[in-house]
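# Report on the structure
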Amino acid sequence: MRLGLASTFPPFRGGIAQFNAAAVRALREHGHAVETVTWSRQYPDFLFPGTTQWEPEKGRGDVEMPALLDSLSPASWSRTGRHLAERCDVVVLPFWHAALAPALTGVAKSAKKHGVKQVWALMHNATSHDGKRMDRILAQRFLRQVDGVITLSHPVSEALSEWSPVTLFHPLYDHLPRGPRKDEARRQLGLGRDDVVHLFFGLIRPYKGLSVLLEAMNDLPANHKLVVAGECYGPWEPYAELIRQRGLESRVLVHNEFIDDDLVPIYFSAADTAVLPYTQASQSGVTAMALHHEVRVVASDVGDLATTVVPELTGRLVAPGDVQALAEAMVQPWNAQPADVKGAFEQVKKRLSWSAWASLLTQQVGSAFSEAR
């Protein structure tokens, strides 16, 4: 099958870019021809809350595919659709933020106008995180232009039930190397061998519940340390003030910056647990990283996070926003046998592999494409 993806790819930074790159690798390994197109301009600067949209020391000159798509240029939307129609039978358009929905809508219209048989939406979210009414309207306008909808979690499918979506899953990231030994990773991060280390990883947004985690840390013994690794999208000062108020300065190590792929394995190798105290979520790329590195997660029971957690083996779930329950889950010893833990991680990795995901995607898209011919 000839597939086309117009979306963000490295050296644009972030989880969506990494997801798309891994998806393309898996689809090509399954024997499909995949044409990729990326942005010449993704988010306008006034809409981007971070410091840069690029990976460290990278920029537009490092893009290795056609960068035809400009989020603010309707002419580019038309060109992108025509480009894909000339090379593809089916186009897949990942959606994760409503600011990009007009461009995706334009690409879908143009691709179908120029002969593409099927256009599918791959919905990471039903609308933007913390989406407003206009975000929902933009997402719905996009969905009205596609022939099928794929999601990565049941909550997103439920929110988009009127579009009869197909629910897949978020595969585990496996492109990162394994990190150094635990004691070496901790030495590099300034942590002690006997510390109990919890990791909060990824972009910091209000819905990810870092304030809940900081309150939970206040209830834990002094040998429990928290590493916060990721760039804050919004003001950091409220978190800094909470750390000061609770006297956690010596127990919370803050790396308020984007973490390059080369450094990610160090953080996970140093950790005893990855903590995801999210107040809401659909699925999580951080969980995918933790499972790849065989680090247990302590997570809120929201979205589809439960599908990756084998209780007491790969992690624990707590009610969102419950500081006491989170603290208890973080401090409670893990008593399972190492062989059982290893087996549970191996089963999850197999079930949530990129190969399994690519097979399900192409079965669904291929079946619809055959019917449309």
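Above this text sits the structure in question.
Residues numbered from 1 in each chain as written. Predicted model: local features only at pLDDT ≥ 70, side-chain atom pairs only at ≥ 80, totals over all residues. Heavy atoms only, no water.

This part covers the overall build of the protein. The helix and strand tally for the protein stands at 13 helices and 13 strands. Relative to the 2.2 N^0.38 estimate, which gives 21 Å for 373 residues, the radius of gyration of the protein is 21 Å and therefore close to what a compact globule would have. The principal-axis extent of the C-alpha atoms belonging to the protein is close to 65 × 45 × 40 Å. Buried residues in the protein amount to 55% of all 373 residues. A separation of at least 24 residues holds for 74% of the contacts in the protein among residues at least 6 apart in sequence. Here the protein displays about 16,000 Å² of accessible surface, and carbon together with sulfur accounts for 48% of that area. (Helix = DSSP H or I, 4+ residues; strand = E, 2+ residues; numbered from the N terminus. Rg over C-alpha atoms; globule rule 2.2 N^0.38 Å. Buried < 20%, exposed > 50% of the residue type's maximum accessible area, 1.4 Å probe, protein only. Contact = heavy atoms within 4.5 Å. Areas by Shrake-Rupley, 256 points an atom, 1.4 Å probe, with all protein chains shown as cover.)

This part takes up empty space enclosed by the protein. Tallied over the entire structure, the rule returns 1 cavity of 30 Å³ or more. The computed volume of the largest cavity comes to approximately 40 Å³. Taken together, Leu5, Phe19, Asn20, Ala23, Leu27, Val92, Leu122, Trp357 and Leu361 form the lining of the largest cavity. Secondary structure elements with two or more residues in the lining of the largest cavity: α1 (15–29) and α13 (354–372). Tallied by class, residues from the lining of the largest cavity come to 8 nonpolar, 1 polar and no charged. (1 Å grid on protein atoms, 1.4 Å probe; cavity = no way out; pocket = protein on both sides within 12 Å on 5 of 7 lines; lining within 4 Å. Points joined across faces, edges and corners; volume = space filled by probe spheres on them. Nonpolar A, V, L, I, M, F, W, Y, C, P; charged D, E, K, R; others polar.)

Moving on to the environment of Gly230. With respect to the helices and strands, the residue Gly230 is situated in the loop between β9 (224–229) and α8 (237–245). If sequence neighbours within four positions are ignored, Gly230 has contacts with Gly202, Ile204, His255, Asn256, Glu257 and Ile259.

The terminal C-alpha atoms of α1 lie 21 Å apart, and with 15 residues this matches the ideal 21 Å at 1.5 Å per residue to within 8%. Where burial is concerned, most of α1 is hidden: 11 out of the 15 residues are buried. Considered for burial, the residues of α1 that qualify are Ile16, Ala17, Gln18, Phe19, Asn20, Ala21, Ala22, Ala23, Val24, Ala26 and Leu27. Positive backbone phi, at 95°, marks Gly31, one or two positions downstream of α1. (Expected span 1.5 Å × (residues − 1).)

In this model, the second largest pocket occupies a volume close to 280 Å³. Forming the walls of the second largest pocket are 16 residues, and the residues nearest its centre are Lys182, Ala271, His293, Glu294 and Val295. Mapped onto the lining of the second largest pocket, the elements with two or more residues apiece are α9 (264–270) and α12 (338–351). Top element by residues in the lining of the second largest pocket is α12. It accounts for 3 residues. The residue inventory of the lining of the second largest pocket, partitioned by class, reads 6 nonpolar, 3 polar and 7 charged.

Let us now look at the packing of helix α7 (residues 210–217) against helix α11 (residues 323–331). For the pair α7 and α11, interaxial distance at closest approach is 8 Å and the crossing angle is 65°. For the pair α7 and α11, the sense of crossing is right-handed. Two secondary-structure elements touch here, α7 through Val212, Leu213, Glu215, Ala216 and Met217 and α11 through Val323, Leu326, Ala327 and Met330. Residue composition of the contact of α7 with α11, by class: 8 nonpolar, no polar and 1 charged. (Axes fitted to C-alpha atoms, helices over the stretch in contact; angles between N-to-C directions. Left-handed = near helix turned anticlockwise from the far one by under 90°.)

The tally for this structure, following the rule as stated, stands at 18 salt bridges. Here Asp147 and Lys112 are joined by a salt bridge, their closest N and O atoms 3.4 Å apart. Taken together, the positions of Asp147 in the loop between α4 (133–143) and β6 (148–151) and Lys112 in helix α3 (residues 101–113) put the pair 35 residues apart, joining distant regions of the chain. Residue Glu312 is joined to Arg316 by a salt bridge in which the shortest nitrogen-to-oxygen separation is 2.8 Å. By relative accessible area, Arg316 is classed as buried at 5%. Shared partners join several salt bridges into a network, and the residues in it are Arg181, Asp183 and Arg193. (Salt bridge = Lys/Arg side-chain N within 4 Å of Asp/Glu carboxyl O.)

Read across the open sheet, the 7 strands follow the order β3-β2-β1-β4-β5-β6-β7; overall the sheet is parallel. Looking at which strands have only one partner, the edges of the open sheet turn out to be β3 (67–70) and β7 (166–167). Relative to strand β2 (residues 33–41), α1 is tilted by about 160°, and along the sheet it contacts β1 (2–6), β2, β4 (90–95) and β5 (118–123). Sheet contacts for helix α2 (residues 74–85): β1, β2, β3 and β4; angle to β3, the most-contacted strand, approximately 140°. (Pairing = 2+ DSSP bridges.)

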